[in-house]
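Here is what each chain is made of, one letter per residue.
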Amino acid sequence: MRFSPLFRLSRAVLLSSLVSSTLSWSQPPKPLPPGPMLDGGRVVLKAKDLTLELLAYSGTVAQLRPAADPMLDYTPGDLLTSRSADTFYHLGDLDLRLRDDASTEWKDYSTAYRRKPVQVLASTPAVFRADLAATLPAEIPLRIVREWSIRNGEIYLSYTLTNRTHKVVHLGGTGVPMVFNNIMNGRTLEQSYTTCSFYDPYIGRDAGYVQVARLSGKGPALLIAPEGHAPLEAWRPILDKRVTRGGEGLLLNDPTQRGMTFEGSYEWMIHSAGFADTDWKGAEQWNQPTEAVLQPGKSVTYTLHLFVAPSLREIEATLTAHGRPVAIGIPGYILPQDTDGRLFLRSASPVTSIVSEPEGALSLHHDGLAPDGKTQAYTVRGLRWGRVRLRITYGDGNVQTIAYRTIKPETQTVADLGRFLFHEQWFEQPDDPFHRSPSVISYDNDAGKQLSQESRVWIAGLSDEGGAGSWLAAAMKEAIAPDPEEVRKLEAFVNQTVWGHLQESEGPQKFGVHKSLFYYQPDAMPAGYYDTSMNWGTWTSWNRKDAADVGRSFNYPHVVAAYWSLYRIARNTSGLTSKQDWKWYLDHAYETTMAMRSQAPYYTQFGQMEGTVFTLLLHDLKMEGWTEQASTLEGWMRERAQQWSHEPYPFGSEMPWDSTGQEEVYAWTRYFGYKEKADLTLNAILAYTPVVPSWGYNGSARRYWDFLYGGKYPRIERQLHHYGSGLNAIPLLSEYRVHPGDLYLLRAGYGGVMGPLANIDEKGFGSAAFHSYPDRMQYDPYTGDYGPNFLGHALNTGAYLMQNPSLGWLAFGGNVTIHGNIVRLAVLDSARQRVFLAPTGQWLTLDGGAFTAVEYDTSTHQVTVHLASATAYVKEVKLHISTQATEKPEEVRTVSLSSDETTISLTTPR
């Protein structure tokens, strides 16, 4: 087993000295002694699909196990002893932020803060009811009764709040902590994948829910949904601040240390106005913050319903079976302005209104019922760039919200990115002492300036993900949308800065890639050279020797991708490249790949982020007839895949847990026929890649520490559409093309594909990721490690056409129209070089040029391909036709383009 509980923590732990507001100690604090919570025994409530064990002392959850998998505990029950002291949160606790009419100041209360035995009001096999007064301060104006109950074979959690004073009480914060076992601290990978779960919210008010899935992605998924009116209005992180170093937790904080192996817990906010007015002031929330007003003597009850879906793919069907509203957005919730989105609503109660907030930001057209005769269908158009919320009201009074993000047409978005990268971020200082000129360098969007200095030196040093991110995005932009001026600059960067500076061009370390060009070496620089406002006293300020190290293999795929991009441009266009021929670029891509084995062998035991580029390189080596190189590369990759095939969970990296190496592990295990391991990898990806009605979470693979390494605001925080989105989408869509009836895979993968485009603002700046915590709710101002995200988009974007039995014809990356027997897909994705036709199973790709449309005749099964006209740089293209669900060899056609659209008819598989 490669992983131990302390594996590779040095980089992560030492970074705490840089981010004192996030991690205030470099070693884990001493655990608090067990509290009295374990006294008094347990109460068991047995539902049809779940077994609930409660601590009689506190009435909080000790264990929650699904009947289908009784060895699994969704909660951290195995850590109960160490987490039984004051301020540790458990499922069943309650947080409140209150004030009365006479005060403008909010006051916080929590049942987790000072544990006392609750007063049991009822205890039967179906009900456990308790008054929580003893565990709350005496001055709290509310009486709170919590009830766990079994109704119709399922579990319900209710809180009844009664105003026991003569004053009006305002509930500005009502939070139910969602404490599940995502705590990987001290566990091996195998233990984590067996024991732990991830959970994700749909912050959709009355239609909102939380889903909890084991890390393996297999088995039942726990669902928590509101019963009656207990809307999921906001999603508040429970932080880990302490009174003193190693001391007890603060009010509204849990002392379980957050870090690379613990994202932290969250709470379901029913009301959040008291936080929006204070802690979160100025941040645009997912929903309009609300408060409740309780008159003297009045009560309000909030109820959550806990039940189980058999699998991740069955979550929506299970919600429907339980009478919950379900929304399905196609192609997702990030909408280019030239694309027709589809929205399908299933609900027990009729839709009475749908409004756009802000008004006029989205247009909707009701299309009637979908083919299943039960689902309401709508066409959605994005009219105004930016965030927008759909507010849907149902006949029973429930309100559902869906978070959309509208972007420019994809090709325009990518063109904006290119202009920003090659102009605002173009660094040209011939006298730069670090040899970074010319290059595309990191950028601070808030300050409106290039990052030529940063104490995390790699950010300014063109390497690591946080420093290579901008030029990697630039290289991949040219791979799918080459621009003459931009290609000229990219060639200059690769030939003058990468080759010979960022990468060794001679000697024993030839083709080795340095960790950073920028470094902190004050004795080698003029006095006052380094910005004194920055903290140069941590491990992140590498000196010249440390920056020159070539032993980190994760830096190599970035350089391979740049060479590969220029190879493709030189090979498939005429007159765009001039510095080198295509053979030079292909050779350097190959040699840089093999240098990982000789110069940086240790980390190659792990899957590399962006490792898909190696599979594309192998394909191109074979296509070019470079047999020796192809054989050598394939042989080494087979060795790595064989190693992974023998490991239970081959997902390690330089971090103790990661969500990026899965991309390459999947690629090679699938390629070499290790199907069981490829399937295991795919399911692990699905566990941390939710499919929910929110542009921020849909397809957003879980990442939560990389703001520490590449963000302007460094902290442990769930990052939305960080590079995990783009990279993990590659296996999801690859698997979909083998299983073209699996709409869930397509939705998850396409959500990830679109995430990188949402990170690009109106002027073309590409951010590392979106800050999900409600105190910020903005994109980070640093470009940081955006590049791997856009690489995932560039290598994976395409247009997809499928027919779903329930929903009808669906398009992803384009618009579908139907005229008689002809189904036409207008291709509108950013590259316009890949089309998948689910009815025929054909995967059509172009080397150069672009698709404009593809037509499918439902009666004859004829496929007609429409190609864009010739340009000054592209006169002919290669059309690749493959069927990934079969072993049929790929067919390649060379097509001469005309001055008008070129049309080709294809024979469909029988």
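None of the values given here were measured: they were computed from a predicted structure.

S.K.: Got a sec to walk through the overall build of the protein chain? Specific residues and values, please.
M.R.: Check the secondary structure of the protein chain and you find 19 helices and 42 strands. Relative to the globule expectation of 29 Å for 910 residues, the C-alpha radius of gyration of the protein chain, 28 Å, shows essentially globular dimensions. Structurally, the protein chain occupies a C-alpha span of about 80 × 75 × 50 Å along its principal axes. Scored against the burial criterion, the 910 residues of the protein chain give a buried share of 65%. In the structure as shown, the protein chain presents an accessible area of about 30600 Å², 49% of it carried by carbon and sulfur atoms. Here the protein chain holds 84 positive side-chain charges and 97 negative ones, and the gap between their average locations is 4 Å.

S.K.: Lay out the environment of H90 in plain terms, naming residues and giving numbers.
M.R.: Tracing the backbone through its elements, the reader meets H90 in the loop between β3 (61–66) and β4 (95–100). Linking H90 and G360, residues 270 residues apart in sequence, is a C-alpha distance of 43 Å. At 2.7 Å, the side chain of H90 forms a polar contact with the backbone oxygen of R83.

S.K.: Describe the sheet that holds strand β32 (residues 799–804), naming the residues involved and giving the relevant values.
M.R.: Taken together, the 6 strands give an open sheet; going across it, the order is β33-β32-β36-β37-β40-β41, and neighbouring strands pair in mixed fashion. The outermost strands of the open sheet, each flanked by one partner alone, are β33 (808–812) and β41 (891–896). Each strand of the sheet is rotated relative to its neighbour by a mean of 15°, with strand direction disregarded. One ladder, built from 4 bridges, connects strand β36 (residues 834–837) with strand β37 (residues 842–847); its direction is antiparallel.

S.K.: Let's hear about the pattern of salt bridges: which residues, and what values?
M.R.: For the structure on display, the rule yields 53 salt bridges. For R571, the salt bridge identified is with E624, shortest N-O distance 2.7 Å. On the criterion of sequence distance, the pair formed by R571 in helix α10 (residues 556–572) and E624 in the loop between α12 (612–623) and α13 (627–645) is long-range, its members being 53 residues apart. Classification of R571 as partly exposed rests on a relative accessible area of 35%.

S.K.: Tell me about the sheet that holds strand β39 (residues 863–867), and name the residues and values.
M.R.: Overall, antiparallel pairing links the 5 strands, which are arranged β34-β35-β38-β39-β42 in an open sheet. The open sheet has two edge strands, β34 (814–819) and β42 (902–906), and neither has a second partner. Taken over all neighbouring pairs, the strand axes of this sheet differ in orientation by 20° on average, direction set aside. With 5 bridges connecting them, strand β35 (residues 822–827) and strand β38 (residues 851–857) associate as antiparallel partners. For L825, the partnering residue across the bridge sits in β38 and is V854.

S.K.: Report on the environment of H305, specifying residues and quantitative values.
M.R.: Relative to the elements of secondary structure, H305 occurs in strand β17 (residues 299–309). H305 gets classed as buried once you look at its relative accessible area, which sits at 4%. Once residues within four sequence positions are removed from consideration, H305 is found in contact with E154, I155, Y156, L223, I224, A225, E227 and H322. Engagement of the side chain of H305 in a polar contact is seen with the side chain of Y156, the distance being 3.4 Å.

S.K.: Outline helix α7 (residues 464–480), supporting the account with residue identities and numerical values.
M.R.: Taking 1.5 Å of rise per residue, the 17 residues of α7 would be expected to cover 24 Å, and the 23 Å separating its terminal C-alpha atoms lies within 8% of that figure. Among the 17 residues in α7, 17 count as buried, and that is most of the element.

S.K.: Any details on the pairing of strand β18 (residues 326–330)? Residues and values, ideally.
M.R.: In terms of burial, β18 is a largely internal element, 5 of the 5 residues being buried. Residues of β18 alternate between two faces, with V326, I328 and I330 on one and A327 and G329 on the opposite face, all of them buried. Inspection of the sheet shows β18 paired to strand β20 (residues 341–346) by 5 bridges, in the antiparallel sense. From the neighbouring strand, I330 faces β20, where its bridge partner is R342.

S.K.: Break down the packing of aromatic side chains for me, with residues and values.
M.R.: Here a ring pair, both rings aromatic, is described through the centre-centre distance and the interplanar angle of the planes. This structure, assessed with the given rule, holds 60 aromatic pairs. One aromatic cluster is present, built from ring pairs that chain together F434, F518, Y519, Y520, Y529, Y530 and W536. The ring of F275 carries R97 above its face, with NZ or CZ at 3.8 Å from the centroid. Taking NZ or CZ as reference, R737 lies 4.0 Å from the ring centre of W843, over its face.

S.K.: Explain the packing of α7 against helix α8 (residues 484–498) to me, using residue names and the numbers behind them.
M.R.: Interhelical geometry of α7 versus α8 gives an angle of 130° and a closest axis separation of 10 Å. On the basis of the axis angle, α7 is oblique to α8. Crossing hand, α7 versus α8: left-handed. Along its contact with α7, which presents W471, A475, K477 and E478, the element α8 presents E486, V487, L490 and F493. Along the lines of polarity and charge, the residues of the contact of α7 with α8 split into 5 nonpolar, no polar and 3 charged.

S.K.: Can you break down the side chain of R205 residue by residue, with the values?
M.R.: By secondary structure assignment, the location of R205 is in the loop between β11 (197–202) and β12 (209–214). For R205, the residues in contact, after removing those within four places along its chain, are P226, H229, P231, L232, E233, N287, Q288, T290, R391, V399 and T401.

Calculation criteria
- Residues numbered from 1 in each chain as written.
- Predicted model: local features only at pLDDT ≥ 70, side-chain atom pairs only at ≥ 80, totals over all residues.
- Heavy atoms only, no water.
- Helix = DSSP H or I, 4+ residues; strand = E, 2+ residues; numbered from the N terminus.
- Rg over C-alpha atoms; globule rule 2.2 N^0.38 Å.
- Buried < 20%, exposed > 50% of the residue type's maximum accessible area, 1.4 Å probe, protein only.
- Areas by Shrake-Rupley, 256 points an atom, 1.4 Å probe, with all protein chains shown as cover.
- Lys, Arg positive; Asp, Glu negative; His and termini not counted.
- Charge placed at Lys NZ, Arg CZ, Asp CG, Glu CD.
- Polar contact = N/O pair within 3.5 Å; in protein donor to acceptor, adjacent residues only side chain to side chain.
- Pairing = 2+ DSSP bridges.
- Axes fitted to C-alpha atoms, helices over the stretch in contact; angles between N-to-C directions.
- Salt bridge = Lys/Arg side-chain N within 4 Å of Asp/Glu carboxyl O.
- Contact = heavy atoms within 4.5 Å.
- Expected span 1.5 Å × (residues − 1).
- Phe/Tyr/Trp six-rings, centres within 6.5 Å; stacked < 30°, edge-to-face > 60°.
- Lys NZ or Arg CZ within 6 Å of the ring centre and 35° of its normal.
- Parallel < 35°, antiparallel > 145°, perpendicular 65-115°, else oblique.
- Left-handed = near helix turned anticlockwise from the far one by under 90°.
- Nonpolar A, V, L, I, M, F, W, Y, C, P; charged D, E, K, R; others polar.

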